[in-house]
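# Working through the structure, step by step
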Amino acid sequence: MAAPMELYCWAGGWGLPSVDPDCLAVLAYARFTGAPLKVHKITNPWRSPSGTLPALKSTEEGIISDPQQIITHLRKQKFNADYDLSARQTADTLAFVSLLQEKLLPVLIHTFWVDAKNYVEHTRKWYAEAIPFPLNFFLPGRMQKRQVERLRSVCGDVCLESEEELEKELYREARECLTLLSQLLGRQKFFFGDAPASLDAAVFSHLAPLLKAKLPNAKFQQHLKSLPNLCNYCTSILSLYFPWDGGDPPPSAPKAATGNGSDTEEEPHKRRNQVLSVLVGLAAMIGYAFLSGIVSIHKQPVGHRPPRPIALGEEDEEAGA
């Protein structure tokens, strides 16, 4: 019997099965198709076999880290959410996924990782509390830098120069994108009828964090909440496919037949990763102490030794020299 596929993803929070949009997209697609995954929900990306999240471990292709490649692999394993789509619907899927990446993703990154108030009071706070010590001292900052680079690669350096420019361009286009999605969905249960497809996984993963997070600066969030069909759409997916709070079943509840339960006790090389985490964390704190001046080393000039008390044995040795 072949070993089950294993998915490593960020743990849940805010009433979501995962707080990370990429992980959320893979989890949603797996639930839509019934893919038999053994899910490891973790708060330390270094415990992932690839060092990043999400990551899929399979016997056929080894470790896969890119979310879209993970979904492609699931399709190859006969778990295809788009099997019944027409050629027109397939083309629409490609177009709208591209639209999400170009228009909605930049504002999602800005809302959670660039906006100072949201980052300090919400995003960094959650990750600092979730990530184990001592990694929580520096991993959130490193993740923020990676997200800023991701934003810069999408929209260039110009959009990061002024908040006013972001408001005029990025936020305006993102609001138009949400309005267009609302019109496309209409009163349907899913975007292509009564069954979810890959487009639903993509839209859900972008909208659900924005809807459920308690953001101090909720300017863009308010526009989403003004579109009730999109809000009901996200809530319906959570109740149908992730019926437990945060996506995890309570201890007394049986696990789903697909094996999409949370597991953190059987991570590969757990002891090694824990030791490495502690060593790297200690090195980071020592480096910070030196750089900030908390700890310093003062060299004395040659031939000028400070006076110090000496033991009786040392005095005898110097007297006989």
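Residues numbered from 1 in each chain as written. Predicted model: local features only at pLDDT ≥ 70, side-chain atom pairs only at ≥ 80, totals over all residues. Heavy atoms only, no water.

Moving on: the confidence of the model for the chain. The predicted model of the chain has a mean per-residue pLDDT of 82, with 72% of residues at 70 or higher. Long-range and interchain partners of residues 306-321, a stretch whose pLDDT sits below 50, account for 4 contacts in this model, where long-range means more than four residues apart. (pLDDT = per-residue confidence, 0-100. Contact = heavy atoms within 4.5 Å.)

On to the pattern of salt bridges, then. Within the structure shown, the criterion is met by 10 salt bridges. Here Asp22 and Arg150 are joined by a salt bridge, their closest N and O atoms 3.7 Å apart. Taken together, the residues Asp22 in helix H1 (residues 21-33) and Arg150 in helix H5 (residues 139-155) connect sequence positions 128 residues apart. The partly exposed category is assigned to Asp22, whose relative accessible area is 24%. One continuous salt-bridge network, built from bridges that share partners, spans Glu169, Arg172 and Glu176. (Salt bridge = Lys/Arg side-chain N within 4 Å of Asp/Glu carboxyl O. Helix = DSSP H or I, 4+ residues; strand = E, 2+ residues; numbered from the N terminus. Buried < 20%, exposed > 50% of the residue type's maximum accessible area, 1.4 Å probe, protein only.)

Within the secondary structure, Asp20 sits in the loop between strand S1 (5-10) and H1. The class for Asp20 is buried, based on a relative accessible area of 12%. For the pair Asp20 and Trp10, spaced 10 residues apart in sequence, the C-alpha to C-alpha distance is 6.3 Å. Once you skip the residues sitting within four places of it in the chain, Asp20 turns out to touch Trp10, Leu53 and Pro54.

On to the sheet that holds strand S3 (residues 55-58). Spatial ordering of the open sheet is given by S2-S1-S3-S4, a layout of 4 strands whose pairing is mixed. Unpaired on one side and paired on the other, strand S2 (37-42) and strand S4 (62-64) mark the two borders of the sheet. Within this sheet the neighbouring strands show an average axis-to-axis angle of 20 degrees, counted without direction. Where S3 and S4 come together, 3 bridges link them in antiparallel fashion. Counted as the bridge partner of Lys57 is Ile63 from S4. (Pairing = 2+ DSSP bridges. Axes fitted to C-alpha atoms, helices over the stretch in contact; angles between N-to-C directions.)

Once that is clear, we can look at the packing of helix H3 (residues 87-114) against H5. Viewed as axis vectors pointing N to C, H3 and H5 meet at an angle of 150 degrees, and their least axial separation amounts to 10 Å. In terms of orientation, H3 and H5 fall into the roughly antiparallel class. H5 is crossed by H3, and the crossing has left-handed handedness. Contact with H3, carried on its side by Gln101, Leu105, Pro106, Ile109, His110, Trp113 and Val114, involves Pro140, Met143, Gln144, Gln147, Val148, Arg150, Leu151 and Val154 of H5 and no other residues of that element. Of the residues in the contact of H3 with H5, the class split is 10 nonpolar, 4 polar and 1 charged. (Parallel < 35°, antiparallel > 145°, perpendicular 65-115°, else oblique. Left-handed = near helix turned anticlockwise from the far one by under 90°. Nonpolar A, V, L, I, M, F, W, Y, C, P; charged D, E, K, R; others polar.)

Attention shifts here to the side chain of Ser205. Here Ser205 lies in helix H8 (residues 198-212). The residues touching Ser205, leaving out its near neighbours within four places in the chain, are Pro21, Leu24 and Ala25.

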